[in-house]
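Chain by chain, the residues run as shown.
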Amino acid sequence: MIIKNICDAELSDLSECTVALGNFDGVHFAHTELIRKAKEITFSLCKTAGKKILTAVFTFSDLKKPYITTTNEKLAVFEKLGVDCVFLCSLEAVKNLSPEEFVRDILVSKLRCVHTVCGYNYRFGKNALGDTSLLKELTEKYGIGCTVVDEIHGVSSTCIRELISNGNITEANEIIGRPFTVSGNIIHGRGVGHTFGCPTLNVDIPEGKLLPMNGVYFTVCKVGESFYPAITNVGVCPTFGNDRITCENHLIDVCCELYGEFAEVFFLAFRRKEIKFSSPDELYKTVSEDISAARDFHIYRYQ
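Residues numbered from 1 in each chain as written. Predicted model: local features only at pLDDT ≥ 70, side-chain atom pairs only at ≥ 80, totals over all residues. Heavy atoms only, no water.

Asks: I would appreciate a short explanation of the pattern of salt bridges in the present structure.
Replies: Pairing between side chains of opposite charge can happen when their charged atoms approach one another. Tallying each qualifying case throughout the model produces 14 salt bridges. A salt bridge links Glu-40 to Lys-37; its shortest N-O distance comes to 3.0 Å. In this pair, Glu-40 and Lys-37 both sit in helix α1 (residues 29-49), 3 residues apart, roughly one turn of the helix. Among the salt bridges present, the one from Arg-295 reaches Asp-253, with a minimum N-O distance of 2.9 Å. Here the residue Arg-295 occupies a position in helix α9 (residues 280-301), and Asp-253 occupies one in the loop between β11 (246-251) and β12 (262-273), the gap between them amounting to 42 residues. When its relative accessible area of 28% is taken as the criterion, Arg-295 is described as partly exposed. When its relative accessible area of 60% is taken as the criterion, Asp-253 is described as exposed. One connected set of salt bridges, linked through shared partners, spans Glu-33, Arg-36, Lys-37 and Glu-40. (Salt bridge = Lys/Arg side-chain N within 4 Å of Asp/Glu carboxyl O. Helix = DSSP H or I, 4+ residues; strand = E, 2+ residues; numbered from the N terminus. Buried < 20%, exposed > 50% of the residue type's maximum accessible area, 1.4 Å probe, protein only.)

Asks: Got a minute to help me understand the state of the cysteines in this structure?
Replies: Note on terminology: disulfide describes a covalent bond linking the sulfur atoms of two cysteines. For the structure on display, the rule yields 0 disulfides. With no disulfide of its own, Cys-221 lies closest to Cys-247 among cysteine sulfurs, the gap being 7.4 Å. Accessibility expressed as a relative area gives 2% for Cys-221, which makes it buried. (Disulfide = S-S within 2.5 Å.)

Asks: Just to check I follow, could you spell out the sheet that holds strand β8 (residues 201-203) for this structure?
Replies: Paired through backbone hydrogen bonds, the strands of a sheet run either parallel or antiparallel to each other. Here 6 strands make up a closed barrel; going around it, the order is β7-β8-β11-β10-β9-β12 and the pairing antiparallel. Looking at each pair of strands side by side, their axes are set apart by 45° on average, direction ignored. Relative to β11, β8 runs antiparallel, the two being bridged by 2 bridges. The residue of β11 that forms the bridge with Asn-202 is Glu-248. Contacts between helix α7 (residues 169-176) and the sheet are confined to β7 (180-187), β9 (215-223) and β12, with β12 contributing the most and set at about 130° to the helix. Across the sheet, α9 touches β9, β10 (226-235), β11 and β12, and the angle it forms with β12 is around 110°. (Pairing = 2+ DSSP bridges. Axes fitted to C-alpha atoms, helices over the stretch in contact; angles between N-to-C directions. Contact = heavy atoms within 4.5 Å.)

Given below as structure tokens:
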């Protein structure tokens with residue numbers, strides 16, 4: 001997959017493309033439908049024109065925080081969806097362009113767009129003055145196609161963000177179409193888990209990343225090409241007076257040193273809220289119960 005910043009001086013070496021437009025925060029079910037439609041249109045155009053045409057995504061690299069998916073997480077999903085090229089853009093680079101300037105100077109001249117695909121509520125241009133009706137008018141004026149994908153009821157980044165914030169991971173995953181993910185490098189923590197015989201991998205949380213409600217979750221951790229059933233605590237560990245939110249992951253029945261490795265944590269289901277225990281012994285007892293429940297969850301899930 002090709003990744004380009006639209007501020008790059010030279011983009012003319014790329015083929016013409018169908019461009020899917022949007023923020024794509026979460027890259028949820030409706031977003032994947034939009035990309036699927038763009039790929040379908042690209043295939044048809046390639047057959048008709050008899051030449052190579054790319055399926056591309058135009059999106060922003062500086063979304064409003066907190067975001068469901070970081071830029072790197074979005075890029076990974078785009079690649080899995082079969083996108084050929086991603087054009088990353090800072091809002092600053094285009095925020096003062098009129099709707100017509102955006103279509104003429106960015107889509108047509110810079111990106112060599114031959115067809116646009118967007119959602120029903122897409123806005124563009126200075127002060128978000130452009131809507132889908134104006135996009136259709138302008139694309140027709142400049143000789144390129146435009147397809148607007150209808151609303152899929154109940155599927156939105158706003159809804160997903162609210163569900164995740166409230167710990168409703170299972171419901172959020174259904175709308176996203178895959179597990180919600182937190183990814184980052186494995187870093188050293190305080191080592192408390194080792195003293196209890198349940199060591200954890202601490203994932204360095206990307207700045208601005210949306211996190212689930214503080215609590216314990218059934219998860220799967222991917223490190224390299226290996227997947228590990230796990231249980232994850234997101235929170236401040238109030239029993240030990242921590243004030244920084246961490247993402248601590250205990251791999252079920254696995255013991256290995258993975259510091260410095262890159263990990264992806266896939267959240268599958270909510271276990272319980274984070275609470276302050278009266279003693280370390282009470283914490284250890286509850287954590288042991290959590291691990292046992294996680295083991296049963298994963299065994300049942302993979303039967």
